[in-house]
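For reference, the chains in residue letters:
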Amino acid sequence: MFKKRTNADEAKKLFLEAVKPLSGHELLPIADCDGRSIARDVTAGIDVPHYRRAAMDGFAVRASDTMGAGSSSPVIFKQGQHIEKGVCVKVHTGSPVPQGADAVVILEDTVSYDGNIEIYTQIHPLKNVGDIGEDVRKGDVILRKGQRIRPCDIAVLASLGINNIKVAGKPLVAIIPTGEELVPRGKRELKVGEVYETNGLMASLYSRKWGGIPRLLDIVTDDPEKIKQAITSNLDADMFIISGGTSVGRRDYVPGVVGSMGNLLVHGVGISPGKPTALGIINGKPVVCMPGYPVAGIVALYWFARPALRKLGNLPDEPDRVVRAMLSEKIPSRTGYKTFARVKLDNGKAIPLATSGAGILSSVSKADGFVIIPENIEGLSAGEKVEVILIE
């Protein structure tokens, strides 16, 4: 048995306190920065707009010339090319407001005939006019260090004429699948007792989704020296995810190897599925040892690898995508364990799929999300309102 079972929240806190954000950065074209973290504050070098612009299609005027205009008593202007008393200039949304004009009458409030423009509303100065710097003022901090960049942020950068920015470096994640029973996908047909390697593939795809650069290594057999060699050969990585070999069986060497090479922080966590998860630090690099059973592995990835990757990559913590639903039937759980129950959503109901069986990978594929049951209660009853954390 495990020497100690660490509470799930305590284990995460202990692990993340040992994770240090990367200090490096890289200069990238803004079009390649979606989802990246700003390495330093970005300041506007110009005003946006840098000229007074029309906010609507219509006619630029001097607002004072519209005094007394109303629905039954229009003021008549001449349409021209330059602003003067009684003369208006046609403008389009975004076009410069002519010198001398201080407002725009929208097209719908006018009638044109024979070069004359009847204006049926009185307007005030700056009506329908975008002033210089109305959007962004020169010197404004528009993006702050550590902010996650979105497409709309990139559009703002483009509006300022910024082509390249410095972003935090992406963590390199070495992913090591272990196990005598594993066979590379597509190499040959399986023999009895063999399975295709899937956890490494899953971990590499999630690492990329969560902001890392995955390096998926070849399968390593259940041999402590070979596991150690795989780690030693990849110490240029910023993080390790090791799949399999985390339990307490005869061939479960991974936690011992991590402890011999660095600091084994946790082995055995109060999560279900996922109790055999181990966490450590080697050469200052965080190590997540995920169980070989796929469902237990994905829980370990979500609970530990995702926040560690975000911290490494200087990305802000973001809340899970959550929907509320009514539980269609009871979900049992064990006290002392934070239970991750797989559910499918259907017309506002959360339908449990497989509340046991950490090796049933298809139950995750069929699920829309997890219902997390706290450690201090024994299951949830049918009809309860629950929060479903959506699986990405």
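Parameters at a glance
Residues numbered from 1 in each chain as written. Predicted model: local features only at pLDDT ≥ 70, side-chain atom pairs only at ≥ 80, totals over all residues. Heavy atoms only, no water. Core = buried A, V, L, I, M, F, W, Y, C linked by side-chain atoms within 4.5 Å. Buried < 20%, exposed > 50% of the residue type's maximum accessible area, 1.4 Å probe, protein only. Helix = DSSP H or I, 4+ residues; strand = E, 2+ residues; numbered from the N terminus. Contact = heavy atoms within 4.5 Å. Phe/Tyr/Trp six-rings, centres within 6.5 Å; stacked < 30°, edge-to-face > 60°. Axes fitted to C-alpha atoms, helices over the stretch in contact; angles between N-to-C directions. Parallel < 35°, antiparallel > 145°, perpendicular 65-115°, else oblique. Left-handed = near helix turned anticlockwise from the far one by under 90°. Nonpolar A, V, L, I, M, F, W, Y, C, P; charged D, E, K, R; others polar. Patch = residues over 30% accessible without salt bridge, like charges linked within 9 Å, V, L, I, M, F, W, Y side chains within 5 Å. Areas by Shrake-Rupley, 256 points an atom, 1.4 Å probe, with all protein chains shown as cover. Salt bridge = Lys/Arg side-chain N within 4 Å of Asp/Glu carboxyl O. Pairing = 2+ DSSP bridges. Arc of directions from axis to C-beta.

Asker: Looking at this structure, I do not really get the nonpolar core. What am I missing?
Answerer: Nonpolar side chains tend to gather and get buried jointly when the protein is soluble and globular. Judged by nonpolar contacts, the single largest core of 36 residues is most densely connected at Phe15, Tyr206, Met239, Ile241, Ile298, Leu301 and Phe304. Secondary structure elements with two or more residues in this core: helix H1 (8-18), strand E13 (172-177), helix H3 (199-209), strand E17 (239-243), strand E21 (285-290) and helix H6 (294-312). Of all the elements, H6 adds the most residues to this core, at 12 residues. Once residues within four sequence positions are removed from consideration, isoleucine 298 is found in contact with Met202, Tyr206, Val364 and Phe370. Core analysis: the second largest hydrophobic core is formed by 19 residues, Leu217, Val220, Val257 and Val287 among them.

Asker: What is the right way to read the packing of aromatic side chains from this model?
Answerer: What characterises a pair of aromatic rings is the spacing of the ring centres plus the angle enclosed by the ring planes. As enumerated under the stated definition, the model contains seven aromatic pairs in all. Taking 4.8 Å as the distance between ring centres and 20° as the angle between the ring planes, the aromatic pair formed by tyrosine 206 and tryptophan 210 counts as stacked. We note that tyrosine 206, like tryptophan 210, is buried. Relative to phenylalanine 370, the ring of phenylalanine 340 has its centre 5.9 Å away and its plane inclined at 85°; by these criteria the two rings are edge-to-face.

Asker: Explain the packing of H3 against H6 here, please?
Answerer: The description of two helices packed together rests on the angle between their axes and the distance between the axes. Packing of H3 against H6 brings their axes to within 11 Å, and their N-to-C directions diverge by 30°. One way to sum up the angle between H3 and H6 is to call them roughly parallel. Crossing geometry of H3 relative to H6 is assigned as right-handed. Contacts between H3 and H6 involve Asn199, Met202, Ala203, Tyr206 and Ser207 on the former and, on the latter, Pro294, Ile298, Leu301, Tyr302 and Leu309. Of the residues in the contact of H3 with H6, the class split is eight nonpolar, two polar and no charged.

Asker: Would you mind showing me how to read a nonpolar patch on the surface here?
Answerer: On the surface, Ile76, Val111 and Tyr113 cluster together into a nonpolar patch covering about 250 Å² of accessible area. Take isoleucine 76: it is sitting in strand E5 (residues 75-79).

Asker: What am I meant to see in the sheet that holds strand E4 (residues 58-61) here?
Answerer: Two strands in a sheet stick together by hydrogen bonds in their backbones, pointing the same way (parallel) or opposite ways (antiparallel). Across the sheet, which stays open at both edges, the six strands sit in the order E7-E4-E6-E5-E9-E8 with mixed pairing between neighbours. Either end of the sheet is taken by a strand with one partner, and the two such strands are strand E7 (103-106) and strand E8 (110-113). Put simply, the sheet's adjacent strands are angled 40° from each other on average, direction ignored.

Asker: For this particular structure, what's the right way to read unusual backbone geometry?
Answerer: Trans peptide bonds make up the majority, and among non-glycine residues the majority have a negative phi. Between valine 48 and proline 49 the backbone carries a cis peptide bond, its omega angle lying at -5°. Within the element layout of this structure, proline 49 appears in the loop between strand E2 (42-43) and strand E3 (53-54). The omega torsion across serine 272 and proline 273 is -5°, close enough to zero to call that bond cis. Summarising the element assignment, proline 273 is placed in the loop between strand E19 (271-272) and strand E20 (278-282). Of note in the backbone geometry, aspartate 114 takes a positive phi value of approximately 50° without being a glycine.

Asker: So what exactly am I meant to see when it comes to the sheet that holds E20 here?
Answerer: The strand order across the open sheet formed by six strands is E16-E13-E17-E21-E20-E18, and the pairing between neighbours is mixed. Every interior strand has two partners, whereas the edge strands, strand E16 (213-216) and strand E18 (263-267), have only one. Geometrically, the sheet is characterised by an average inter-axis angle of 20° between neighbouring strands, direction not taken into account. Looking at chain direction, E20 and E21 are connected through five bridges and run antiparallel. Bridge pairing in E21 links isoleucine 281 to proline 286.

Asker: I keep staring at the side chain of arginine 36 and nothing clicks. Help me out?
Answerer: As for its position among the elements, arginine 36 is in the loop between strand E1 (25-29) and E2. Taking relative accessible area as the criterion, arginine 36 reaches 10% and is therefore assigned buried. Discounting residues that sit within four places of it in the chain, arginine 36 has contacts with Glu26, Leu28, Gln147, Arg148, Ile149, Val167, Ala168, Gly169, Lys170 and Leu315.

Asker: How should I be thinking about helix H2 (residues 151-159) in this particular structure?
Answerer: Every α-helical turn comprises 3.6 residues, leaving residues that sit three or four positions apart pointing alike. Turning to H2, its buried residues number three or more, namely Asp153, Ile154 and Leu157. In an axial view of H2, the angular spread of the buried residues amounts to 100°, which keeps them on one side of the axis. Those residues of H2 hidden inside the fold are in contact with E2, strand E11 (141-143) and strand E12 (164-168).

Asker: Looking at this model, I keep getting lost on the environment of valine 19. Mind explaining?
Answerer: Mapped onto the secondary structure, valine 19 falls in the loop between H1 and E1. On a C-alpha basis, the gap between valine 19 and methionine 239 in space is 9.4 Å, while along the polypeptide they are 220 residues apart. With residues near it in sequence (within four places) discarded, valine 19 still touches Pro286, Ala308, Lys311 and Leu312.

Asker: Would you explain the pattern of salt bridges in this entry?
Answerer: When their charged atoms lie close together, side chains carrying opposite charge are able to pair. A full pass over the atoms with the stated rule returns 14 salt bridges. Between aspartate 65 and lysine 85 there is a salt bridge whose closest N-O contact spans 3.9 Å. Remark: lysine 85 occurs in the loop between E5 and strand E6 (87-91) and aspartate 65 occurs in the loop between E4 and E5; sequence separation between them is 20 residues. Taken together, the shared-partner salt bridges connect Asp9, Lys338 and Glu375 into one network.

Note that all results are geometric; they support no functional claim without further evidence.
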